[in-house]
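Each chain, written out:
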Amino acid sequence: MKYFYSLATWESIKKTCATDSWESYFNKHGADGTLLDTYTYTYTYTDDTVSFINPTNDKAMKLTYDPSQKDLMDYWLSNFGDEGSGSVEVLNIYYRHPHESLPLIEHLIKDWLNEG
């Protein structure tokens, strides 16, 4: 079975959600500038996160694949930055089963983006 980690999930989201103006945000890049999929897993450590920002609407999202998650998907909103100088609303999404979670994630992102 081919696993569908956070970078692949993002690539799928880009096809169905209006994400053309989103930029890489706190991600790891290769020497040629290519975004790297950072999946590493041991019995106690998982790091598979990508994040993107849309500077035109002050929104960002962070996708984290975590196979140890109890629930299929978990999400919350937070703010990054100083409210006085312009903070960014961040949609944080953690998910366990990529193929099952993808339709839920896409629906969540579309709703969040349409909030205004």
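Everything quoted here is computed from the prediction, not taken from an experiment.

Parameters at a glance
Residues numbered from 1 in each chain as written. Predicted model: local features only at pLDDT ≥ 70, side-chain atom pairs only at ≥ 80, totals over all residues. Heavy atoms only, no water. Salt bridge = Lys/Arg side-chain N within 4 Å of Asp/Glu carboxyl O. Helix = DSSP H or I, 4+ residues; strand = E, 2+ residues; numbered from the N terminus. Buried < 20%, exposed > 50% of the residue type's maximum accessible area, 1.4 Å probe, protein only. Phe/Tyr/Trp six-rings, centres within 6.5 Å; stacked < 30°, edge-to-face > 60°. Axes fitted to C-alpha atoms, helices over the stretch in contact; angles between N-to-C directions. Parallel < 35°, antiparallel > 145°, perpendicular 65-115°, else oblique. Left-handed = near helix turned anticlockwise from the far one by under 90°. Contact = heavy atoms within 4.5 Å. Nonpolar A, V, L, I, M, F, W, Y, C, P; charged D, E, K, R; others polar.

Section: the pattern of salt bridges
In step 1: This structure, assessed with the given rule, holds two salt bridges.
In step 2: A salt bridge links Glu11 to Lys14; the nearest nitrogen and oxygen atoms lie 3.5 Å apart. One end of the pair, Glu11, and the other, Lys14, are both in helix H1 (residues 6-16), three residues apart, so they sit about a helical turn from each other.
In step 3: For Glu11, a relative accessible area of 36% corresponds to the partly exposed category.
In step 4: One salt bridge connects Lys59 with Glu89, and the closest N-O pair in it is separated by 3.8 Å. Placement of the pair is Lys59 in strand E5 (residues 59-65) and Glu89 in strand E7 (residues 88-95), with a sequence separation of 30 residues.
In step 5: Owing to a relative accessible area of 3%, Lys59 belongs among the buried residues under this scheme.
In step 6: For Glu89, a relative accessible area of 24% puts it in the partly exposed group.

Some details on the packing of aromatic side chains
In step 1: The tally for this structure, following the rule as stated, stands at four aromatic pairs.
In step 2: With centroids separated by 3.9 Å and ring planes inclined at 10°, the aromatic side chains of Trp10 and Phe52 adopt a geometry described as stacked. Note that Trp10 is positioned in helix H1 and Phe52 in strand E4 (residues 49-54), a separation of 42 residues in sequence. One exposure class covers both Trp10 and Phe52, and it is buried.

Observations concerning the packing of H1 against helix H2 (residues 98-114)
Any two packed helices are characterised by how steeply their axes cross, that is the angle between the axes, and by the distance between the axes.
In step 1: Remark: H1 packs on H2, axes separated minimally by 10 Å, with the N-to-C direction vectors making an angle of 45°. As summarised for this structure, H1 and H2 are arranged oblique, according to the angle between their axes. For the pair H1 and H2, the crossing hand works out as right-handed. Residues Thr9, Ser12, Ile13 and Thr16 of H1 form the contact with H2, whose own contacting residues are Pro98, Leu102, Ile105, Glu106, Ile109 and Lys110.
In step 2: Taken together, the residues that form the contact of H1 with H2 break down as five nonpolar, three polar and two charged.

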